[in-house]
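In case you want the letters, here they are:
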Amino acid sequence: MKKFTFYILLINFSFIGHPYAWSETNESLDNLLNLSLDQLRNIRVKSSASAIKIAPREEPSAVTIITKEMLNSSGARRLEEALEIFVPNFQISSHNVGQDKGGIRGMTTDRDNKILTLVNGKIMNHVMSIGGFTEKIFPMLDDIKQVEVVRGAGAAVWGPGAIAGVINIITFDGSEVLGTKVTLKLGAAEEFQSFELRNGQDLGDGKSLLFYLGFSNYNGASTEYSPLISGQDVNFENIQVNAGGEVNPDINKIPNYYAAFDDKLLIKANVRYRDNNFDSWLRFTQGGMKSAPRRGKEIDSNNWNNALDGSHRENGYAQLTWFNEYKPQHEFLSDTTFSFSYDRTEFVKTQEGIDGSSISETNNTFGEEELFLKAVKVFETQHSYVLGVDFSYNRLGLKSKFFKGQRTSDEIDAIDGEFGNGWKTINYALFGEGLFRLTPNSSLLLGARFDDHRYTDLLFSPRAAFIHNISPTDTLKFMANISHRRSSESNLRQSLHRNKAVENEQIKTAEVMYSKVMSSNMLLETNIFYNEVELLSWNNSAPSQSGNAQGAIQYIGTYTNTGGEINLTYKKDHDYWSVAHAYTKLLDFTMTEDGFGQDFSAYPYGKGKYVTAWSDWQSKLTYRRQINDTISFDTSLRIFWQFNGAKDWGEYNYEQSILTENLDNQANFEKLSSKPGYDKMSDMSAYWNIGYNHILSKSLNLRIDLHNVLGWFDKDLNKRNVIKRTADYRLLAPAISLTLSYQI
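These figures come from a predicted structure and were not determined experimentally.

Now for the overall build of the protein chain. Helices and strands together make up the secondary structure of the protein chain, namely 10 helices and 34 strands. The buried share among the 744 residues of the protein chain stands at 61%. Taking the contacts inside the protein chain whose residues are at least 6 apart along the sequence as the reference set, 67% of them involve residues at least 24 apart.

Further remarks concern helix 9 (residues 644-659). Between its first and last C-alpha atoms helix 9 spans 23 Å; for 16 residues at 1.5 Å apiece the expected length is 22 Å, and the two agree. Burial in helix 9 covers these residues: G645, A646, D648, W649, G650, Y652, N653 and S657. On its buried face, helix 9 sits against helix 10 (663-670) and strand 32 (719-721).

A word on helix 5 (residues 79-86). Burial analysis of helix 5 places 8 of its 8 residues in the buried class, the great majority of the element. Of all the positions in helix 5, only L79, E80, E81, A82, L83, E84, I85 and F86 are classed as buried.

We now examine the packing of aromatic side chains. Taken as a whole, this structure holds 23 aromatic pairs when the rule is applied. An angle of 5° between the planes, with centres 4.9 Å apart, marks the rings of F192 and Y218 as stacked. One end of the pair, F192, is in strand 9 (residues 190-204); the other, Y218, is in strand 10 (residues 207-221), with 26 residues separating them in the sequence. Members of the aromatic cluster, connected to one another through ring pairs, are F596, Y605, W649, Y652 and F669. Directly above the aromatic system of Y258 lies the positively charged group of R78, at a separation of 3.6 Å from the ring centroid.

Right, let's get into the sheet that holds strand 32. The 3 strands are arranged 11-33-32 in an open sheet whose pairing can be described as antiparallel. Here the strands that pair on one side only, and so sit at the sheet edges, are strand 11 (228-229) and strand 32. The pairing of strand 32 with strand 33 (residues 729-731) spans 3 bridges and is classified as antiparallel. When the sheet's bridge partners are listed, K719 is paired in strand 33 with L731.

Sheet topology places strand 27 (residues 575-591) next to strand 28 (residues 617-626); 9 bridges connect them, and they run antiparallel. Its bridge partner being in strand 28, A582 is matched across the sheet by Q618. From the end of strand 28 to the start of strand 29 (residues 631-640), which pair antiparallel, there are 4 residues.

Turning our attention to the packing of helix 9 against helix 10. Interhelical geometry of helix 9 versus helix 10 gives an angle of 160° and a closest axis separation of 8 Å. Compared by their axis directions, helix 9 and helix 10 come out roughly antiparallel. Classified by chirality, the crossing of helix 10 by helix 9 is left-handed. On the side of helix 9, the interface is formed by Y652, N653, Q656 and S657, while helix 10 contributes Q666, F669 and E670. Split by residue class, the contact of helix 9 with helix 10 holds 2 nonpolar, 4 polar and 1 charged.

We now examine the confidence of the model for the protein chain. Where the model shows low pLDDT, its predicted coordinates should not be examined in detail. For the protein chain, mean pLDDT is 86; residues scoring 70 or higher make up 86% of the total. Ranking the elements of the protein chain by mean pLDDT puts helix 1 (residues 2-12) last, at 35, and strand 31 (residues 700-707) first, at 98. Residue range residues 413-418 is modelled with pLDDT below 50. Its contacts to residues more than four positions away, or to other chains, number 13 contacts.

Here strand 29 runs beside strand 30 (residues 685-695); their pairing, made up of 10 bridges, is antiparallel. When the sheet's bridge partners are listed, S632 is paired in strand 30 with N693. Inspection of the sheet shows strand 30 paired to strand 31 by 6 bridges, in the antiparallel sense. Bridging from a neighbouring strand, I695 pairs with N701 of strand 31. Linking strand 30 back to strand 31 in an antiparallel pair, the connection comprises 4 residues.

Turning our eyes to something else, we now look at the sheet that holds strand 5 (residues 122-123). With respect to topology, 5 strands assemble into an open sheet ordered 1-6-7-4-5, the strand pairing being mixed. Two strands close off the open sheet at either side, each with one partner strand: strand 1 (62-67) and strand 5. Of the strands in this sheet, strand 1, strand 6 (144-151) and strand 7 (165-171) touch helix 5, which is tilted by about 125° from strand 1.

Residues I66, L83, V147, Y559 and F600 are the most contacted members of the largest nonpolar core, which totals 39 residues. Ranked by residue count, the leading element in this core is helix 5, at 5 residues. Those residues in contact with L83 that sit more than four places away from it in its chain are I66, F90, K136, V147, V149, I167 and K620. In terms of nonpolar packing, the next biggest core, distinct from the first, is built from 35 residues, M289, L492, A727 and Y729 among them.

What follows covers a nonpolar patch on the surface. Judged by side-chain polarity, L184, L186, Y692, L696, I704, I736, L738 and L740 come together as a nonpolar surface patch covering roughly 620 Å² of accessible area. When contributions to the nonpolar patch are tallied by element, the ones reaching two or more residues are strand 8 (179-188) and strand 34 (735-743). Considering every element that reaches the nonpolar patch, the biggest residue donor is strand 34, with 3 residues. Judged by its relative accessible area of 38%, I736 falls in the partly exposed class.

Moving on to the environment of K145. Mapped onto the elements, K145 comes out in strand 6. With 28 residues separating them in the primary sequence, K145 and D173 have C-alpha atoms 8.9 Å apart. Those residues in contact with K145, other than ones at most four positions away along the chain, are T67, K68, I170, T171, F172 and E176. Among the polar contacts made by the side chain of K145, one reaches the side chain of E176 at a distance of 2.6 Å.

So, on to the pattern of salt bridges. Summed over all chains, the structure comprises 41 salt bridges. Close ionic contact of D263 with K290 constitutes a salt bridge, the shortest N to O distance being 2.8 Å. Here D263, found in the loop between helix 7 (249-252) and strand 14 (266-275), pairs with K290, found in strand 15 (residues 278-290); they are 27 residues apart in sequence, far enough to count as distant. Judged by relative accessible area, K290 falls into the buried class, the value being 10%. Across the pair R624 and D634 runs a salt bridge whose closest N-O atoms are separated by 3.3 Å. Of the two residues, R624 is situated in strand 28 and D634 in strand 29; the sequence distance between them amounts to 10 residues.

You will see that A189, though not glycine, has its phi angle at about 75°, which is positive. In this structure, A189 sits in the loop between strand 8 and strand 9. Here D335, not a glycine, exhibits a phi torsion of approximately 60°, which is positive. With respect to the secondary-structure elements, D335 resides in the loop between strand 16 (313-326) and strand 17 (336-351).

Mapped onto the elements of the fold, I170 is located in strand 7. In the structure, I170 is positioned 51 residues away from V119 in sequence and 6.0 Å away in space, judged by C-alpha atoms. If sequence neighbours within four positions are ignored, I170 has contacts with N120, D143, I144, K145, Q146 and E148.

Relative to the helices and strands, Q286 is located in strand 15. With relative accessibility at 15%, the residue Q286 sits in the buried group. When near neighbours in sequence (up to four residues on either side) are disregarded, Q286 contacts F138, K264, L265, L266, I267, Y317 and A318.

Rules of the game
Residues numbered from 1 in each chain as written. Predicted model: local features only at pLDDT ≥ 70, side-chain atom pairs only at ≥ 80, totals over all residues. Heavy atoms only, no water. Helix = DSSP H or I, 4+ residues; strand = E, 2+ residues; numbered from the N terminus. Buried < 20%, exposed > 50% of the residue type's maximum accessible area, 1.4 Å probe, protein only. Contact = heavy atoms within 4.5 Å. Expected span 1.5 Å × (residues − 1). Phe/Tyr/Trp six-rings, centres within 6.5 Å; stacked < 30°, edge-to-face > 60°. Lys NZ or Arg CZ within 6 Å of the ring centre and 35° of its normal. Pairing = 2+ DSSP bridges. Axes fitted to C-alpha atoms, helices over the stretch in contact; angles between N-to-C directions. Parallel < 35°, antiparallel > 145°, perpendicular 65-115°, else oblique. Left-handed = near helix turned anticlockwise from the far one by under 90°. Nonpolar A, V, L, I, M, F, W, Y, C, P; charged D, E, K, R; others polar. pLDDT = per-residue confidence, 0-100. Core = buried A, V, L, I, M, F, W, Y, C linked by side-chain atoms within 4.5 Å. Patch = residues over 30% accessible without salt bridge, like charges linked within 9 Å, V, L, I, M, F, W, Y side chains within 5 Å. Areas by Shrake-Rupley, 256 points an atom, 1.4 Å probe, with all protein chains shown as cover. Salt bridge = Lys/Arg side-chain N within 4 Å of Asp/Glu carboxyl O. Polar contact = N/O pair within 3.5 Å; in protein donor to acceptor, adjacent residues only side chain to side chain.

Printed below as a string of structure tokens:
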């Protein structure tokens, strides 16, 4: 305990901030890198935290910026891993019916629907069902210029869905990465091979063209390196596994961790053309991954297979997006931006047979199309104003064009048609924002957004922020907002058919931030926040959505939490380092009478004030040292100190399995239970990466990364906790990867 307290005190005197680190080489970026942190904080730029061009010190939200150089130096094998490395209070949880889930500030559920995922400001979420499932699992990252992460609600800018945060992926245009670059990556232990080709051309007169293609064969980590650990004593087919032991991979058909959906290639392709005030890009991605089986899916709680004829679940997707943005030069329309986009997204889920064969012909597919229009007008005087409107037209419940399989699923009523015609929805929005510079040192930002949807009441998302520059180096901010998230389009449709009240999610948040430029090389940022959330989440005890498996997504109660983040960034000459520490605490959770089957927290059942799959304390460190002109060393460490909610959830379900007299209920509790006295799922998780980069010549670069190094010394430190079935967990594989890049 003394050792634990020492570490907490040590980290509490450390911090991270806006990591303005090295980036892709060009003249403008070189000039930026020569500026001090104080100078960088005063440059007004387009930000994901606001609709107005704004200086970082005026941003009305907590924002983390991950540059291209940071992505490269992290050694991350997918964007979500980089997010966990660099973003304070961001955590990944494993999931046994889909790919891993990222959460911010204690807000995490079994679907990616609390965070909006954007590419160049275009929302990429699958609105019909699964949410922000796309973009985050690729090892191919050479098209990304930087990633902007808003920690906290942002619906006033981006619309319904930005409850926990916003991830905005900014890609290169052709003028920013001239020439041709080829990148090869190889991974061992967590096996993968990837190829990337990027070509950027400056066509003159403000015109540029970018072509990018990346694909990967991702086999993932086998149970030899990444075993599945049981939280209960089980005996299946006369094979005994005690709590804390490895589940037998041969009997239970456990897929490799991070293995690609249906053994398909991961694909990312992008073409972008810019002509001064016109920007157009076409993007296609295909991804997804296999999931570990669930203990006790059937009545037999010893059985790790999902069904008598199936082993594990696999979820995949394909997405095609065409985006256009135009800024007219006419005097009347100056400072006006028009955008138009088309998007086709398909989400597919299936199982693999017990014998290991694919049964993809029985896929359930979720096809949707969107036409989106947006107009934004900026007014610049002493103050800054923005007024905008947007319109989206969606066709939902469509037959798949990318995957084989049937359109129906347990989330779409048969009434929506058996021929793939689906249904249509329309959403209108009006939004505005004003930054009022009250004095040379004080500003007030006010903003609001109205969203009108076919199936919901008018949603109103307001925000306010007061920014005061105490001194040239010290800034204090007070922020408050209300944000909303509609339920998925399929749930809204079902509510209409059943004459049920439509349920929306709402968050009310207040936050105070303080930042200080401690020197020309060091930036400190701290914040405290308070959230009140009307939570929509999965409820196992709810009636079936369409007559199949029991359970539904519904309003399960209101919770409040609080927390803080303290961050420090240092950059000088050949050194860059950052440290972050975050704390999030559940204050209260008032569950509805119908919310008995929720799995967000065991607190309503008499346990502690913890979220089931969240570490209240988190610490993160990154360091880079440029040894000489050609060699650099990088390392990162992220620590999740304790998962008390996972322990409470396993104990509660064990207690209920003993008390209940209903055999069906007993089986449901047993599959979520932990062995009495067993608590390894609540222990610390720590992931340490080490990287070595060598510029072999002007054109050739070699990088070697060691991932999850601590697992070679104590494999349990590489524990990845699981949503819902929190007693069980997966171990991340200690692994090595090699990256070879050639610039023509």
